[in-house]
Amino acid sequence: MLVVIGNTKIGKALHVNLPLGAPRGLGFEAFKSGTCPGASLWCLENCYGIDRPPSEDPESIGALMRAIELSLGDLKAFKETIVGELLDKARFLEASGDTLEDGSVPVRLHVIGDFYHPDYARAWLDIVDELKGLKFKFWTYTKSWWTEKVAETYARIGLKNPQALAEELLSTLQELRRRENFTLYASTDKTMPDITERPEMRSWLEAGIEFTYNKKSITCPEIPCVVCKYCIYGRGHVKFLERRSKVRLIPKPWKTPLSSKAWKEFMRAEKDEIEKYLEFIRNFQKTNKP
Ligand code: SF4
């Protein structure tokens, strides 16, 4: 089993994960200890995967190890397994009525982990294309767009032609984000470069920590993604509050699937609460500096 069903943050969506963090060691083996070649300083200190498994299901840890091993060992088998499991598990969500309003099955890539190599990203391109027209809606966030950091990581673990590989990874991601059934966010934080100054990244959706380099973004309301759906449909830039100091004060309509109109109303109603929440976090951080 490589595909896992649901967790308390994303809700009942299918997800596939990989080991978190920067690769450690040498060669391709290094990816078994971490699949985030673009991991920033912020990631290394704060990755939420450090605190908790990617699902409430204890099987999910085994699933992410099997996913990295199979994708490193036999990409063709990886693709076939993922396609087979997605089709199978989608039937389960359809039967329980847990699809998006247009009947699509939401699939989140990498609750932890990232696109670690261009061959792996290309495998997802094939998977997404094979499932085109079958009502899957994929979404994820990546730091693998940061080519300098990716090239530096590849050089550190001894891969050949690190710069060319890093560029190939970005160009594969560019292709992936153009797919209709795939929403891809460029993940950013204060320890990373300003994404808006990069011509090749200008039309990307951004997901930042505390702030976004793009001027307009909403604050994630921290309700299950299958209820909110803002990122699933790529409705705009988004920012997340730092998880380690987060205190949930925002009410959560867990049980109600929100339409886009209802979501806007919910956000309007919660705007003041969210502002208060942000203020609380800012003060909390000011007074709790390490
Ligand atoms: S903004 Fe909505 S969809 Fe995006 S991460 Fe937050 S809850 Fe999930």
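Details of the structure are given in the entry above.
Within any chain, residue numbers begin from 1 and follow the written order of that chain's sequence. Restriction of local features to residues with pLDDT of at least 70 applies here, the model being predicted, together with a cutoff of 80 or more for giving and counting side-chain atom pairs; totals for whole chains, interfaces and linings are based on all residues. Side-chain numbers here rest on the full set of heavy atoms in the structure, without hydrogens or water.

(A) Molecular detail of the packing of helix α5 (residues 147-156) against helix α6 (residues 162-177). Orientation is described by lines fitted to C-alpha atoms, with helices fitted over the stretch in contact, and by angles between N-to-C directions that extend from 0 to 180 degrees. Here a strand is any run of E in DSSP of at least two residues, a helix any run of H or I of at least four, and the numbering for each starts at the N terminus. Taken N-terminus to C-terminus, the directions of α5 and α6 make an angle of 135 degrees; their axes are 8 Å apart at the nearest point. Between α5 and α6, the angle is such that the two are oblique. You can see that α5 and α6 cross each other, and the crossing is right-handed. Note on element contacts: α6 touches α5 through P162, Q163, L165, A166, E167, L169 and L170, opposite T147, V150, A151, Y154 and A155. Under the scheme applied, nonpolar residues are Ala, Val, Leu, Ile, Met, Phe, Trp, Tyr, Cys and Pro; charged residues are Asp, Glu, Lys and Arg; polar residues are all the others, including Gly. Taken together, the residues of the contact of α5 with α6 sort by class into nine nonpolar, two polar and one charged. Comment on the angle field: the value is read as roughly parallel under 35 degrees, roughly antiparallel over 145, roughly perpendicular from 65 to 115, and oblique elsewhere. Handedness of a crossing is defined here by the sense of rotation of the near helix relative to the far one, left-handed for an anticlockwise turn of less than a right angle and right-handed for a clockwise turn. Working rule for contacts: check all heavy atoms of both residues, and any pair within 4.5 Å makes them a contact.

(B) Seen up close, the site of the ligand. Any residue with a heavy atom positioned within 4 Å of a molecule or strand is treated as near that molecule or strand. Around the ligand, the neighbouring residues are K9, Y141, C220, P221, I223, C225, C228, Y230, C231, V238 and F240. Elements represented by at least two residues in the shell around the ligand include exactly α7 (225-228) and β8 (238-240). Of the residues contributing to the shell around the ligand, the split by class is 10 nonpolar, no polar and one charged.

(C) Representation of the sheet that holds β8. Whether two strands pair depends on DSSP finding at least two bridges between them. If you trace the eight strands from one edge of the open sheet to the other, you get β1-β2-β3-β4-β5-β6-β8-β7, paired in mixed fashion. The open sheet terminates on both sides in strands that have one partner only, identified here as β1 (4-7) and β7 (218-219). The pairing of strand β2 (residues 11-16) with strand β3 (residues 105-109) spans three bridges and is parallel. Within β3, the position partnered with H15 by the bridge is R108.

(D) Quick look at the pairing of β3. Only protein chains enter the calculation, and the probe is 1.4 Å; a residue is then buried if its accessible area is under 20% of its type maximum, exposed if over 50%, and partly exposed in between. By the criterion of burial, β3 is predominantly enclosed, with five of the five residues buried. Of the two faces of β3, the one carrying V105, V107 and L109 and the one carrying P106 and R108 are both buried. By convention, orient the strands away from the viewer: a clockwise path from the first strand over the helix to the second makes the crossover right-handed. With helix α4 (residues 118-130) bridging β3 and its parallel neighbour strand β4 (residues 136-142), the resulting β-α-β unit is right-handed.

(E) Just the nonpolar core, in detail. Here, nonpolar core refers to any group of buried Ala, Val, Leu, Ile, Met, Phe, Trp, Tyr and Cys residues whose side-chain atoms link them within 4.5 Å. In terms of nonpolar packing, the biggest core is built from 49 residues, with I82, L86, F115, W124 and F138 touching the most fellow members. Aside from chain neighbours lying at most four places away, what touches L86 is V3, L14, V107, I127, L131, F136 and F138. Counting residues in each nonpolar core, the second largest holds 23 residues, with Y141, C220, Y230 and I232 among its members.

(F) Representation of the side chain of R177 in the model. In this fold, R177 is placed in helix α6. By the counting rule applied here, Lys and Arg register as positive and Asp and Glu as negative, while His and the ends of each chain are not counted. A pairing counts as a salt bridge when a side-chain nitrogen of Lys or Arg comes within 4 Å of a carboxyl oxygen of Asp or Glu. Of the buried charged residues, R177 lacks a salt bridge, with E200 as the closest side chain of opposite charge at 11 Å. We define a polar contact as two N or O atoms separated by no more than 3.5 Å, with the added condition that, inside protein, one atom must be a possible hydrogen donor and the other a possible acceptor, whereas residues neighbouring each other in sequence contribute only through side-chain atom pairs. Among the polar contacts listed, one links the side chain of R177 to the side chain of Q174, at a separation of 3.4 Å. When sequence neighbours within four positions are dropped, the list of residues in contact with R177 reads F182, L184, S203 and W204.

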